Amino acid sequence: MDPHQLVLLTGGVLLVAFLYSSVGHAGASGYIAIMALLNLAPEEIKPTALVLNIFVASITCRQFRRAGFFSWSLFWPFAILSVPLAFAGGYVRLPAYGFKVLVGTVLVASAVRLLLKPSDEAEVHAPRKATAVAVGAGLGLLAGLTGTGGGIFLTPVLVFMKWARIKAAGAASAAFILVNSAAGLAGNMASTRKLPGFTWFLVAAVVAGGAGGSYLGSRRFDPTVIKRLLAVVLAIAGFKLVFG
(Lines give C-alpha, C1' and ligand atoms only; values in the text may rest on other atoms or scores of the structure.)
Protein backbone atom coordinates (compact mmCIF):
# COMPACT_ATOMS: atom_id res chain seq x y z
CA MET A 1 0.00 0.00 0.00
CA ASP A 2 1.41 3.39 -1.02
CA PRO A 3 1.66 6.23 1.57
CA HIS A 4 -1.08 8.31 -0.05
CA GLN A 5 -3.52 5.42 0.07
CA LEU A 6 -2.59 4.69 3.69
CA VAL A 7 -3.24 8.33 4.69
CA LEU A 8 -6.66 8.27 3.03
CA LEU A 9 -7.50 4.95 4.68
CA THR A 10 -6.36 6.11 8.13
CA GLY A 11 -8.38 9.32 7.93
CA GLY A 12 -11.41 7.43 6.67
CA VAL A 13 -11.44 4.82 9.42
CA LEU A 14 -10.89 7.48 12.11
CA LEU A 15 -13.99 9.35 10.92
CA VAL A 16 -16.02 6.15 10.62
CA ALA A 17 -15.03 5.04 14.14
CA PHE A 18 -16.08 8.40 15.56
CA LEU A 19 -19.44 8.45 13.77
CA TYR A 20 -20.38 4.81 14.29
CA SER A 21 -19.36 4.64 17.93
CA SER A 22 -21.58 7.65 18.62
CA VAL A 23 -24.62 5.46 17.81
CA GLY A 24 -23.37 2.34 19.63
CA HIS A 25 -21.70 0.55 16.71
CA ALA A 26 -18.07 -0.37 16.04
CA GLY A 27 -17.96 0.60 12.37
CA ALA A 28 -17.14 -2.59 10.44
CA SER A 29 -19.52 -1.84 7.59
CA GLY A 30 -18.02 1.65 7.36
CA TYR A 31 -14.44 0.31 7.36
CA ILE A 32 -15.47 -2.15 4.65
CA ALA A 33 -16.95 0.73 2.65
CA ILE A 34 -13.74 2.78 2.86
CA MET A 35 -11.54 -0.18 1.97
CA ALA A 36 -13.82 -1.13 -0.92
CA LEU A 37 -13.68 2.41 -2.29
CA LEU A 38 -9.85 2.20 -2.15
CA ASN A 39 -9.95 -1.15 -4.02
CA LEU A 40 -8.41 -3.33 -1.32
CA ALA A 41 -8.65 -7.09 -1.83
CA PRO A 42 -11.37 -9.10 -0.02
CA GLU A 43 -8.72 -11.11 1.87
CA GLU A 44 -7.39 -7.83 3.30
CA ILE A 45 -10.79 -6.25 4.01
CA LYS A 46 -12.28 -8.97 6.20
CA PRO A 47 -9.59 -9.45 8.89
CA THR A 48 -8.77 -5.74 9.01
CA ALA A 49 -12.41 -4.79 9.61
CA LEU A 50 -12.67 -7.39 12.38
CA VAL A 51 -9.53 -6.18 14.19
CA LEU A 52 -10.70 -2.56 14.10
CA ASN A 53 -14.15 -3.67 15.22
CA ILE A 54 -12.73 -5.34 18.33
CA PHE A 55 -10.93 -2.21 19.48
CA VAL A 56 -13.82 0.18 18.86
CA ALA A 57 -16.49 -2.20 20.22
CA SER A 58 -14.49 -2.57 23.45
CA ILE A 59 -14.47 1.19 23.96
CA THR A 60 -18.10 1.67 22.89
CA CYS A 61 -19.34 -1.14 25.11
CA ARG A 62 -17.55 0.36 28.12
CA GLN A 63 -18.95 3.86 27.52
CA PHE A 64 -22.55 2.74 27.06
CA ARG A 65 -22.30 0.48 30.10
CA ARG A 66 -20.93 3.33 32.21
CA ALA A 67 -23.85 5.45 31.03
CA GLY A 68 -26.24 2.80 32.40
CA PHE A 69 -27.71 1.40 29.18
CA PHE A 70 -26.32 -2.18 29.13
CA SER A 71 -28.58 -5.11 30.12
CA TRP A 72 -27.01 -8.56 30.53
CA SER A 73 -30.42 -10.26 30.38
CA LEU A 74 -31.09 -8.67 26.98
CA PHE A 75 -27.63 -9.42 25.62
CA TRP A 76 -26.83 -13.04 26.47
CA PRO A 77 -29.61 -14.90 24.56
CA PHE A 78 -28.54 -13.22 21.33
CA ALA A 79 -24.86 -13.92 21.95
CA ILE A 80 -24.86 -17.54 23.13
CA LEU A 81 -24.96 -19.17 19.67
CA SER A 82 -23.72 -16.21 17.69
CA VAL A 83 -20.14 -16.70 18.87
CA PRO A 84 -19.52 -20.24 17.50
CA LEU A 85 -21.35 -19.37 14.28
CA ALA A 86 -19.32 -16.18 13.87
CA PHE A 87 -16.19 -18.35 14.21
CA ALA A 88 -17.53 -20.69 11.52
CA GLY A 89 -18.38 -17.77 9.25
CA GLY A 90 -14.95 -16.26 9.76
CA TYR A 91 -13.31 -19.57 8.82
CA VAL A 92 -15.15 -19.78 5.50
CA ARG A 93 -13.31 -18.17 2.58
CA LEU A 94 -15.87 -17.05 0.03
CA PRO A 95 -14.95 -16.64 -3.67
CA ALA A 96 -14.07 -13.02 -4.47
CA TYR A 97 -17.25 -12.38 -6.47
CA GLY A 98 -19.46 -14.01 -3.85
CA PHE A 99 -17.78 -11.98 -1.12
CA LYS A 100 -18.33 -8.72 -3.02
CA VAL A 101 -22.00 -9.42 -3.69
CA LEU A 102 -22.67 -10.52 -0.11
CA VAL A 103 -20.83 -7.60 1.48
CA GLY A 104 -22.31 -5.14 -1.01
CA THR A 105 -25.80 -6.35 -0.12
CA VAL A 106 -24.98 -5.99 3.57
CA LEU A 107 -23.79 -2.42 3.03
CA VAL A 108 -26.88 -1.39 1.04
CA ALA A 109 -29.14 -2.98 3.64
CA SER A 110 -27.21 -1.14 6.33
CA ALA A 111 -27.71 2.13 4.46
CA VAL A 112 -31.46 1.56 4.29
CA ARG A 113 -31.53 0.81 8.00
CA LEU A 114 -29.60 3.96 8.84
CA LEU A 115 -32.05 6.10 6.87
CA LEU A 116 -34.89 4.97 9.08
CA LYS A 117 -35.58 6.75 12.35
CA PRO A 118 -37.62 4.49 14.62
CA SER A 119 -39.49 5.97 17.54
CA ASP A 120 -37.98 5.44 20.96
CA GLU A 121 -41.24 6.08 22.79
CA ALA A 122 -42.95 2.72 22.40
CA GLU A 123 -43.34 0.35 25.31
CA VAL A 124 -40.80 -2.46 25.18
CA HIS A 125 -40.97 -6.10 26.21
CA ALA A 126 -38.36 -8.84 26.55
CA PRO A 127 -38.07 -11.24 23.59
CA ARG A 128 -38.70 -14.95 24.02
CA LYS A 129 -35.40 -16.63 24.78
CA ALA A 130 -35.72 -19.16 21.93
CA THR A 131 -36.44 -16.38 19.44
CA ALA A 132 -33.48 -14.31 20.68
CA VAL A 133 -31.13 -17.32 20.41
CA ALA A 134 -32.26 -18.06 16.84
CA VAL A 135 -31.91 -14.43 15.73
CA GLY A 136 -28.47 -14.15 17.35
CA ALA A 137 -27.31 -17.35 15.66
CA GLY A 138 -28.21 -16.05 12.20
CA LEU A 139 -26.59 -12.69 12.81
CA GLY A 140 -23.45 -14.34 14.19
CA LEU A 141 -23.00 -16.39 11.01
CA LEU A 142 -23.54 -13.29 8.87
CA ALA A 143 -21.05 -11.37 11.02
CA GLY A 144 -18.33 -13.95 10.48
CA LEU A 145 -18.96 -14.33 6.75
CA THR A 146 -18.88 -10.62 5.98
CA GLY A 147 -16.35 -9.31 8.51
CA THR A 148 -18.94 -7.22 10.35
CA GLY A 149 -19.96 -7.63 13.99
CA GLY A 150 -23.65 -8.08 13.25
CA GLY A 151 -24.66 -5.15 15.42
CA ILE A 152 -25.83 -3.02 12.52
CA PHE A 153 -28.63 -5.56 12.10
CA LEU A 154 -29.19 -6.37 15.77
CA THR A 155 -29.99 -2.76 16.69
CA PRO A 156 -32.93 -2.38 14.27
CA VAL A 157 -34.26 -5.82 15.20
CA LEU A 158 -34.27 -4.89 18.89
CA VAL A 159 -35.94 -1.55 18.22
CA PHE A 160 -38.45 -2.54 15.53
CA MET A 161 -39.56 -5.61 17.49
CA LYS A 162 -39.92 -3.38 20.57
CA TRP A 163 -37.47 -5.47 22.54
CA ALA A 164 -35.37 -2.46 23.61
CA ARG A 165 -35.19 1.32 23.38
CA ILE A 166 -32.58 2.83 21.10
CA LYS A 167 -29.84 3.45 23.70
CA ALA A 168 -30.28 0.02 25.31
CA ALA A 169 -30.24 -1.56 21.84
CA GLY A 170 -26.98 0.27 21.08
CA ALA A 171 -25.42 -0.98 24.30
CA ALA A 172 -26.42 -4.60 23.62
CA SER A 173 -25.21 -4.30 20.03
CA ALA A 174 -21.81 -2.99 21.12
CA ALA A 175 -21.27 -6.09 23.28
CA PHE A 176 -22.66 -8.33 20.52
CA ILE A 177 -20.24 -6.79 18.03
CA LEU A 178 -17.30 -7.32 20.39
CA VAL A 179 -17.82 -11.05 20.98
CA ASN A 180 -18.68 -11.83 17.38
CA SER A 181 -15.81 -9.82 15.93
CA ALA A 182 -13.39 -11.68 18.20
CA ALA A 183 -14.88 -15.03 17.15
CA GLY A 184 -14.92 -14.09 13.46
CA LEU A 185 -11.29 -12.98 13.59
CA ALA A 186 -10.26 -16.20 15.33
CA GLY A 187 -11.99 -18.20 12.60
CA ASN A 188 -10.37 -16.13 9.86
CA MET A 189 -6.90 -16.48 11.39
CA ALA A 190 -7.42 -20.23 11.74
CA SER A 191 -8.18 -20.38 8.02
CA THR A 192 -5.73 -17.87 6.51
CA ARG A 193 -3.09 -17.24 9.21
CA LYS A 194 -2.62 -13.80 7.63
CA LEU A 195 -3.23 -10.27 8.85
CA PRO A 196 -2.38 -7.28 6.61
CA GLY A 197 0.60 -5.35 7.95
CA PHE A 198 -1.10 -1.98 7.58
CA THR A 199 -3.85 -3.01 10.05
CA TRP A 200 -1.87 -1.83 13.07
CA PHE A 201 -1.43 1.65 11.58
CA LEU A 202 -5.22 1.95 11.64
CA VAL A 203 -5.73 0.79 15.23
CA ALA A 204 -4.54 4.06 16.81
CA ALA A 205 -6.89 6.01 14.53
CA VAL A 206 -9.98 3.98 15.41
CA VAL A 207 -9.15 4.00 19.14
CA ALA A 208 -9.05 7.81 19.07
CA GLY A 209 -12.22 8.06 16.99
CA GLY A 210 -14.08 5.43 18.98
CA ALA A 211 -13.20 6.99 22.34
CA GLY A 212 -14.50 10.40 21.32
CA GLY A 213 -17.57 9.19 19.47
CA SER A 214 -18.77 6.72 22.08
CA TYR A 215 -18.36 9.24 24.91
CA LEU A 216 -20.34 11.93 23.11
CA GLY A 217 -22.86 9.51 21.63
CA SER A 218 -23.73 7.84 24.91
CA ARG A 219 -24.32 11.20 26.59
CA ARG A 220 -24.93 14.03 24.10
CA PHE A 221 -25.37 13.31 20.39
CA ASP A 222 -28.63 12.97 18.45
CA PRO A 223 -27.68 10.19 16.01
CA THR A 224 -30.23 11.02 13.28
CA VAL A 225 -28.04 13.25 11.07
CA ILE A 226 -25.01 11.00 11.54
CA LYS A 227 -26.99 7.93 10.46
CA ARG A 228 -28.11 9.64 7.26
CA LEU A 229 -24.59 10.73 6.33
CA LEU A 230 -23.26 7.23 6.93
CA ALA A 231 -26.07 5.78 4.81
CA VAL A 232 -24.81 7.68 1.77
CA VAL A 233 -21.27 6.28 2.12
CA LEU A 234 -22.52 2.74 2.67
CA ALA A 235 -24.90 2.86 -0.28
CA ILE A 236 -22.18 4.09 -2.67
CA ALA A 237 -19.72 1.40 -1.57
CA GLY A 238 -22.40 -1.31 -1.58
CA PHE A 239 -23.50 -0.58 -5.14
CA LYS A 240 -19.84 -0.36 -6.20
CA LEU A 241 -19.20 -3.86 -4.89
CA VAL A 242 -22.36 -5.45 -6.30
CA PHE A 243 -22.35 -3.79 -9.74
CA GLY A 244 -18.75 -2.59 -10.18
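Residues numbered from 1 in each chain as written. Predicted model: local features only at pLDDT ≥ 70, side-chain atom pairs only at ≥ 80, totals over all residues. Heavy atoms only, no water.

Draft legend 1. Seen up close, the overall build of the chain. Across its full length, the chain carries 11 helices and zero strands. For the chain, the α and β elements follow one another from N to C terminus as α-α-α-α-α-α-α-α-α-α-α. Counting only residues that meet the buried cut, the chain has 52% of its 244 residues in that class. Across the chain, contacts joining residues at least 24 apart in sequence account for 88% of those joining residues at least 6 apart. Just so you have it, the chain exposes about 10,600 Å², and 68% of that area is on carbon and sulfur atoms. Charged side chains of the chain number 20 positive and 7 negative; the gap between the two group centres comes to 6 Å. (Helix = DSSP H or I, 4+ residues; strand = E, 2+ residues; numbered from the N terminus. Buried < 20%, exposed > 50% of the residue type's maximum accessible area, 1.4 Å probe, protein only. Contact = heavy atoms within 4.5 Å. Areas by Shrake-Rupley, 256 points an atom, 1.4 Å probe, with all protein chains shown as cover. Lys, Arg positive; Asp, Glu negative; His and termini not counted. Charge placed at Lys NZ, Arg CZ, Asp CG, Glu CD.)

Draft legend 2. Focus on a nonpolar patch on the surface. Residues Trp72, Trp76, Ile80, Leu81, Leu85 and Leu141 make up a contiguous nonpolar surface patch of roughly 560 Å² in combined accessible area. Mapped onto the elements of the fold, Leu81 is located in the loop between α4 (72–79) and α5 (82–91). Overall, Leu81 belongs to the partly exposed group, its relative accessible area being 40%. (Patch = residues over 30% accessible without salt bridge, like charges linked within 9 Å, V, L, I, M, F, W, Y side chains within 5 Å. Salt bridge = Lys/Arg side-chain N within 4 Å of Asp/Glu carboxyl O.)

Draft legend 3. Inspection of the nonpolar core at higher detail. Formed by 62 residues in total, the largest nonpolar core has its most connected members in Leu9, Val13, Tyr31, Phe78, Leu107, Leu158 and Leu234. In terms of residue count, the dominant contributor to this core is helix α3 (residues 42–66) (nine residues). Not counting residues within four places of it along the chain, the set of residues in contact with Val13 comprises Tyr31, Leu52, Leu202, Ala205 and Val206. (Core = buried A, V, L, I, M, F, W, Y, C linked by side-chain atoms within 4.5 Å.)

Draft legend 4. A look at the packing of aromatic side chains. This structure, assessed with the given rule, holds five aromatic pairs. Relative to Phe75, the ring of Phe70 lies with its centre 5.8 Å away and its plane at 50°, an arrangement referred to as tilted. Both residues of the pair, Phe70 and Phe75, count as buried. Ring centres 5.8 Å apart and planes at 15° place the aromatic pair Phe239 and Phe243 in the stacked group. With Phe239 and Phe243 both in helix α11 (residues 224–243) and four residues apart, the pair spans about one turn of that helix. For Phe239, a relative accessible area of 43% gives the class partly exposed. Clustering of aromatic rings is evident, with ring pairs tying together Phe70, Trp72 and Phe75. (Phe/Tyr/Trp six-rings, centres within 6.5 Å; stacked < 30°, edge-to-face > 60°.)

Draft legend 5. Structural view of unusual backbone geometry. Of note, the phi angle at Lys162 is positive, near 60°, even though the residue is not glycine. Locating Lys162 in the fold gives a position in the loop between α8 (151–160) and α9 (166–192).

Draft legend 6. A look at the packing of α8 against α9. Between α8 and α9, the least distance of the axes is 9 Å, while the angle of their chain directions is 150°. By the angle class used here, α8 and α9 are roughly antiparallel. The hand of the α8/α9 crossing is right-handed. Counting all contacts with α8, which are made through Gly151, Leu154, Thr155, Leu158 and Val159, the residues of α9 involved are Ile166, Ala169, Ala172, Ser173, Phe176 and Ile177. Residues belonging to the contact of α8 with α9 are distributed by class as follows: eight nonpolar, three polar and no charged. (Axes fitted to C-alpha atoms, helices over the stretch in contact; angles between N-to-C directions. Parallel < 35°, antiparallel > 145°, perpendicular 65-115°, else oblique. Left-handed = near helix turned anticlockwise from the far one by under 90°. Nonpolar A, V, L, I, M, F, W, Y, C, P; charged D, E, K, R; others polar.)

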